[in-house]
Amino acid sequence: MGREVTFVHPYMPNSVPKIRKRMLEEIGAESVEEIYKSLIPDDLLYKERLDLPEPIVSEYELRRHVMGILGKNITTEMYTSFLGAGCYRHQIPAVCDELNMRGEFLTAYCGDTYSDHGKMQAIFEYASMMGELLDTDVVSYTTYDAGQSVSSALRIALRVKEAQGRPKGVVLVPSTMNPEIYSQAAAYCRNVAEVVKIAGDQKTGRMDLMDLEEKLKQENVAAVFYENPSYLGFFEEQAEQIASLAHRYDALCIAQPETASLGIIESPVNLGADILCGDIQPLGMHMQFGGGQAGFIACQQRLELMEQFPTYMYGITKTEQEGRYGFGRAMNYRCSHGSRENAREYFGTETGLWGITAGIYLASMGPQGMYELGAAILQKTAYAIKKLSEIEGITVNLFGGKNFQEFVINFDQTKKTTAEINKALLGKKIFGGKDISRDFPQYGQSALYCISELTTEEEILNLREALAEAVRGC
């Protein structure tokens, strides 16, 4: 079970031997191991010492150790990056980092009803500004990431249909869906529903409406989900038809918009979508090594949907003092903090800091700033497609049409793999596009390239030169 701790560990509370002894005496146990053995069956109890290194108890030495590990990484600040695929590099106003590092906000955990009113107000303001961006009445507390928000939105639809007395066990998604989110959603829904892909048009990538209708004719379809813009960058121009078909066959329509695009494109809720979900990482969060992710769920003020939201919802109310308002949780019975047994789903609170950060970002950008952000990305994406299309032997923007932020480049004519192309680019200190040849083998040796408002003309032209050399094998 491990050796007895005989020193005071600087990062473990109550590790002073005398305190440990008093705590064990209080509960009538001889050792910590005795507690484990009383809870864990003997055949499951690991009896050897874990193969872990000795603890580093000096803060200075621990910092050197961690920085040495991190120093092996090459960041997007060091190399030019054209990676996106769900996590993006954007300009972040300095005020976002300045405020979210304040002690009042830095611990993302939110207190009980009668405490943390400032934090509750900050989250309420975030939800209000997100509601304005999405054109919805209701916005949830943050979820872990876009994957959870999509998965939970699908489960909301399934619960709504079950509550209506029409159990339905299928949700439909596009064939070009983000493969990581698809994997999460399929796992999240597998005990109650099947996640079925709708065929996509081979030329445009957009959803095949004939295949959609054929699958909707099954009586057990609860929801239709789509992304706009899609994971592969093209706009899903049939949003209204998708929603209309879903409703015709008594299914809900769920859409995942790209939050950075909502300053220039219509919110899917105004095109017929019932539930919106997605990621808020573009709203003030740096690219991190697995962190900096959070999602949202939103809808209009429809009680049958709101009652199925699994997360906190924050509201504002009048107080006894005229002109003063209070902030608190609404309909708390729905969530796991209201009732573990009767909650819609379980959720955590660690992403609250990112909700506050997104609120700061939206407040600093304003409607005009969000418009300029979207317009800049749209224009720079079009410019990159134009310049890279000058390279012979590759197909740039595989699906044609207009794109937002991302587009696919196909390398089949070069007889090189995407991995080989990316290795050549890395030698030029460029992160090439994400290799999608394994996730989408139907599109051959292809990569998903990302352009943001930070991408410069010089970087695009350098990429053109480096790609041309890689194609020629120089």
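Scroll up to find the structure this text is about.
Residues numbered from 1 in each chain as written. Predicted model: local features only at pLDDT ≥ 70, side-chain atom pairs only at ≥ 80, totals over all residues. Heavy atoms only, no water.

### Section: helix 6 (residues 117-134)
Between its first and last C-alpha atoms helix 6 spans 25 Å; for 18 residues at 1.5 Å apiece the expected length is 26 Å, and the two agree. Inspection of helix 6 places Lys 119, Met 120, Ala 122, Ile 123, Phe 124, Tyr 126, Ala 127, Met 130, Gly 131, Leu 133 and Leu 134 among the buried residues, and these make up the whole buried set. Phi turns positive one or two residues past the end of helix 6, at Asp 135, with a value near 65°. (Helix = DSSP H or I, 4+ residues; strand = E, 2+ residues; numbered from the N terminus. Expected span 1.5 Å × (residues − 1). Buried < 20%, exposed > 50% of the residue type's maximum accessible area, 1.4 Å probe, protein only.)

### What to know about the side chain of Asn 397
Structurally, Asn 397 is set in the loop between strand 11 (395-396) and strand 12 (406-410). Of the residues examined, Asn 397 reaches a relative accessible area of 11% and is grouped as buried. A polar contact is formed between the side chain of Asn 397 and the backbone oxygen of Gly 401, at a distance of 3.1 Å. The residues contacting Asn 397, other than those within four sequence positions of it, are Ile 385, Asn 403, Phe 407 and Val 408. (Polar contact = N/O pair within 3.5 Å; in protein donor to acceptor, adjacent residues only side chain to side chain. Contact = heavy atoms within 4.5 Å.)

### What about a nonpolar patch on the surface?
A cluster of nonpolar side chains, namely Val 8, Val 16, Ile 19 and Met 23, defines an oily patch on the protein surface of about 300 Å² accessible area. Along the polypeptide, Val 16 turns up in the segment before helix 1 (17-27). Classification of Val 16 as partly exposed rests on a relative accessible area of 30%. (Patch = residues over 30% accessible without salt bridge, like charges linked within 9 Å, V, L, I, M, F, W, Y side chains within 5 Å. Areas by Shrake-Rupley, 256 points an atom, 1.4 Å probe, with all protein chains shown as cover. Salt bridge = Lys/Arg side-chain N within 4 Å of Asp/Glu carboxyl O.)

### So, the sheet that holds strand 15 (residues 446-450)
A sheet is described by the order of its strands in space; here four strands give the open sequence 11-12-15-14, paired in antiparallel fashion. Edge strands, defined here as strands with exactly one partner in the open sheet, are strand 11 and strand 14 (434-435). Two strands pair when backbone bridges link them, and strand 12 and strand 15 are joined in this way by five bridges, in the antiparallel orientation. The partner of Ile 409 across the bridge, within strand 15, is Ala 447. Helix 12 (residues 352-388) rests against strand 11 and strand 12 of the sheet, and its axis sits at about 15° to strand 12. (Pairing = 2+ DSSP bridges. Axes fitted to C-alpha atoms, helices over the stretch in contact; angles between N-to-C directions.)

### Looking at the pattern of salt bridges
Taken as a whole and judged by the stated rule, the model has 17 salt bridges. Close ionic contact of Asp 250 with Arg 166 constitutes a salt bridge, the shortest N to O distance being 2.7 Å. You can see Asp 250 sitting in the loop between helix 10 (239-248) and strand 6 (252-257) and its partner Arg 166 sitting in the loop between helix 7 (146-163) and strand 3 (170-174), a full 84 residues away along the chain. A relative accessible area of 34% places Arg 166 in the partly exposed class.

### Topic: the sheet that holds strand 4 (residues 194-198)
By way of backbone hydrogen bonds, the strands of a sheet pair with one another, either parallel or antiparallel. Taken in spatial order, the seven strands of this open sheet run 2-8-7-6-5-3-4, and their pairing is mixed. In the strand order of this sheet, the two ends are held by strand 2 (138-139) and strand 4, each with one partner.

### Observations concerning the packing of aromatic side chains
Per the counting criterion, the structure on display carries 11 aromatic pairs. Aromatic side chains Tyr 141 and Tyr 314 sit 6.0 Å apart centroid to centroid with 50° between the ring planes, which places their arrangement in the tilted category. Of this pair, Tyr 141 sits in the loop between strand 2 and helix 7 while Tyr 314 sits in strand 9 (residues 314-318), placing them 173 residues apart in sequence. Assessed through its relative accessible area of 2%, Tyr 141 is described here as buried. (Phe/Tyr/Trp six-rings, centres within 6.5 Å; stacked < 30°, edge-to-face > 60°.)

### Points about the environment of Glu 320
Counting through the fold element by element, Glu 320 comes out in the loop between strand 9 and strand 10 (325-329). Separated by 158 residues in sequence, Glu 320 and Glu 162 have C-alpha atoms that sit 41 Å apart.

### Description of the packing of helix 6 against helix 12
Between helix 6 and helix 12, the shortest axis-to-axis distance is 8 Å and the interhelical angle comes to 40°. Crossing geometry of helix 6 relative to helix 12 is assigned as left-handed. Contact residues: Lys 119, Ala 122, Ile 123, Tyr 126, Met 129, Met 130, Glu 132 and Leu 133 in helix 6; Gly 355, Ile 356, Ala 358, Gly 359, Leu 362, Ala 363, Pro 367 and Met 370 in helix 12. When grouped by side-chain class, the residues that make up the contact of helix 6 with helix 12 number 12 nonpolar, two polar and two charged. (Left-handed = near helix turned anticlockwise from the far one by under 90°. Nonpolar A, V, L, I, M, F, W, Y, C, P; charged D, E, K, R; others polar.)

### Let's talk about the side chain of Thr 143
Within the secondary structure, Thr 143 is located in the loop between strand 2 and helix 7. We classify Thr 143 as buried; its relative accessible area is 2%. Setting aside its immediate chain neighbours within four residues, Thr 143 contacts Gln 148, Ser 149, Ala 294, Gly 295, Phe 296, Ile 297, Thr 311 and Thr 351.

### Quick look at the nonpolar core
Grouped together as the largest cluster of nonpolar side chains are 61 residues, with contacts concentrated most on Met 130, Leu 172, Leu 212 and Ile 280. Per-element tally for this core: the top contributor is helix 12, with 10 residues. Setting aside anything within four residues of it in sequence, one finds Ile 280 in contact with Tyr 126, Met 130, Thr 142, Thr 259, Met 285, Ala 294, Gly 295, Phe 296, Trp 354, Gly 355 and Ala 358. Core analysis: the next-biggest nonpolar cluster, separate from the first, contains 30 residues, Val 150, Ala 153, Val 171 and Val 173 among them. (Core = buried A, V, L, I, M, F, W, Y, C linked by side-chain atoms within 4.5 Å.)

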